[in-house]
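Chain by chain, the residues:
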Amino acid sequence: MMQIPEHLCQTIRSVHGEKGEQWLAGFDKLLQDCEEKWGMTVELPSPFVLSYNFVAPAVLRDGTPAVLKLGVPSREFRTELAALRLYDGRGAVRVLAADGERGALLIERVQPGLTLAESELGDDERTLAAAEVMRRLAVPAPDGGEFPSVADWAAGLARLRQRHGGGTGPLPERVVGRAEAVFRRLLGEGGGLFLLHGDLHHGNILSSGHGGPGWLAIDPKGVVGEAEYGTIPLLLNQLPPKGQREVIRRRAELLCGALGLDHARLLAWGFAHAVLSTAWCDEDGVGDIPAALERAAWFEELLDELPTSSN
């Protein structure tokens, strides 16, 4: 019988409640069914960090290395699968088999598999490597509304006001008001829409060896929005203890140059999203609200430093 780490069990129960309990009770049967149906064997113990899902290396009957990911069926799990299928190996890991209804996903194993965060590259080189992954992931937004949109995410600011009787709680009214205005303006202007990864940071980009594509993305959330919006997780990840704002500035310049992005829109999206993330901290009761507000301030300052014609 497979033993799921207790911390993962607690997370699943906390996030999914009774549905999570039922999933945990059926985990051994699910794992056995996947091994039999897909002709593979899970290798244990797993070297992967387990947070919200069970993830372990596996080997197919023909010796092909793979990764098995099992999680409580949810919209996020289904959109991850749908995004990977649409990317179809272009900039992201390839799907080998899946059962979205049961929360099971078998993907190719990226080797050597070091994250961009673990690489010995300098920050400029990491940023340009990520830009190449973004370029390869540039899939036009699909029809049908299967994926959430940036507009859907932005509704988190409306929920903030609902929780606080029309106010903004621990967030400054001025900052929230400006973020709401930025979301309205950018969404109303209707830039080109893509299927964005949604969480493309240094820990979700893996090295894929020599002679191949170089780097591949894992764990997409799948969200429809402008290309500029898709850069934000990378801008805010792996920041040094000091000089964070200047690192963001440099990364933004590199990404805009490499991908032909609009600098002012990128920074405006970054500010609005950073405020939205702060609202999510308030909503979920976790996270460092002052630190999140500081990140929003960095984007606001960088945006205000641009020429007025670009802002």
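Right, let's walk through the structure included here. (Residues numbered from 1 in each chain as written. Predicted model: local features only at pLDDT ≥ 70, side-chain atom pairs only at ≥ 80, totals over all residues. Heavy atoms only, no water.)

This paragraph deals with the pairing of strand β4 (residues 95-99). It is a general feature of regular strands that their side chains alternate between the two faces of the sheet. Where β4 and strand β5 (residues 104-108) come together, four bridges link them in antiparallel fashion. Each residue of the ladder has a partner; that of A98, found in β5, is L105. Hairpin remark: β4 followed by β5, antiparallel, with four residues in the connecting loop; positive phi at G103, about 75 degrees. (Pairing = 2+ DSSP bridges. Helix = DSSP H or I, 4+ residues; strand = E, 2+ residues; numbered from the N terminus.)

Turning to the side chain of E80, a few remarks are in order. If you trace the backbone, E80 turns up in helix α3 (residues 75-87). At 2.9 Å, the side chain of E80 and the side chain of K69 are in polar contact. For E80, the residues in contact, after removing those within four places along its chain, are K69, L105, D219, P220 and K221. (Polar contact = N/O pair within 3.5 Å; in protein donor to acceptor, adjacent residues only side chain to side chain. Contact = heavy atoms within 4.5 Å.)

In this section: the sheet that holds β5. Spatially, five strands are ordered β1-β2-β3-β5-β4 in an open sheet, and the strand pairing comes out antiparallel. Taken across any chain shown, the strands that pair with only one partner, and hence form the sheet edges, are β1 (40-42) and β4. Looking at each pair of strands side by side, their axes are set apart by 25 degrees on average, direction ignored. Summarising the sheet, strand β3 (residues 65-70) and β5 pair through five bridges and their orientation is antiparallel. When the sheet's bridge partners are listed, K69 is paired in β5 with L105. Running over the sheet, helix α2 (residues 27-38) touches β1, β2 (54-60), β3, β4 and β5 and is turned about 150 degrees from β3. (Axes fitted to C-alpha atoms, helices over the stretch in contact; angles between N-to-C directions.)

Taking burial as the measure, the six residues of β3 include five buried ones, the bulk of the element. Once β2 ends, the chain turns through four residues before running back antiparallel as β3, passing G63 with a positive phi of about 90 degrees. (Buried < 20%, exposed > 50% of the residue type's maximum accessible area, 1.4 Å probe, protein only.)

Okay, the environment of G167 next. Counting through the fold element by element, G167 comes out in the loop between α5 (150-163) and α6 (173-189). The residues contacting G167, other than those within four sequence positions of it, are L160 and R161.

Inspection of the secondary structure assignment puts G198 in the loop between β7 (194-196) and β8 (205-207). Since its relative accessible area comes to 18%, G198 is described here as buried. The contacts of G198, once residues within four sequence positions are left out, are W153, K221, V223 and P233.

Another point: the sheet that holds β7. Pairing between the strands of a sheet is mediated by backbone hydrogen bonds and can be parallel or antiparallel. Reading across from one edge, β6-β7-β10 is the order of the three strands in this open sheet, with antiparallel pairing throughout. The sheet is open, and its two edges are formed by β6 (139-140) and β10 (223-225), each paired on a single side. Relative to β10, β7 runs antiparallel, the two sharing three bridges. Residue L196 lies in a different strand from β10, and its bridge partner there is V223.

End to end, helix α8 (residues 244-259) covers 22 Å across 16 residues, agreeing with the expected 22 Å (1.5 Å per residue, within 8%). Burial in α8 covers these residues: V247, I248, R251, A252, L254, L255 and C256. Of the surrounding elements, those touching the buried residues of α8 are α4 (123-136), α7 (232-236), α9 (263-284) and α10 (289-305). At the C-terminal side of α8, G260 shows a positive phi close to 65 degrees. (Expected span 1.5 Å × (residues − 1).)

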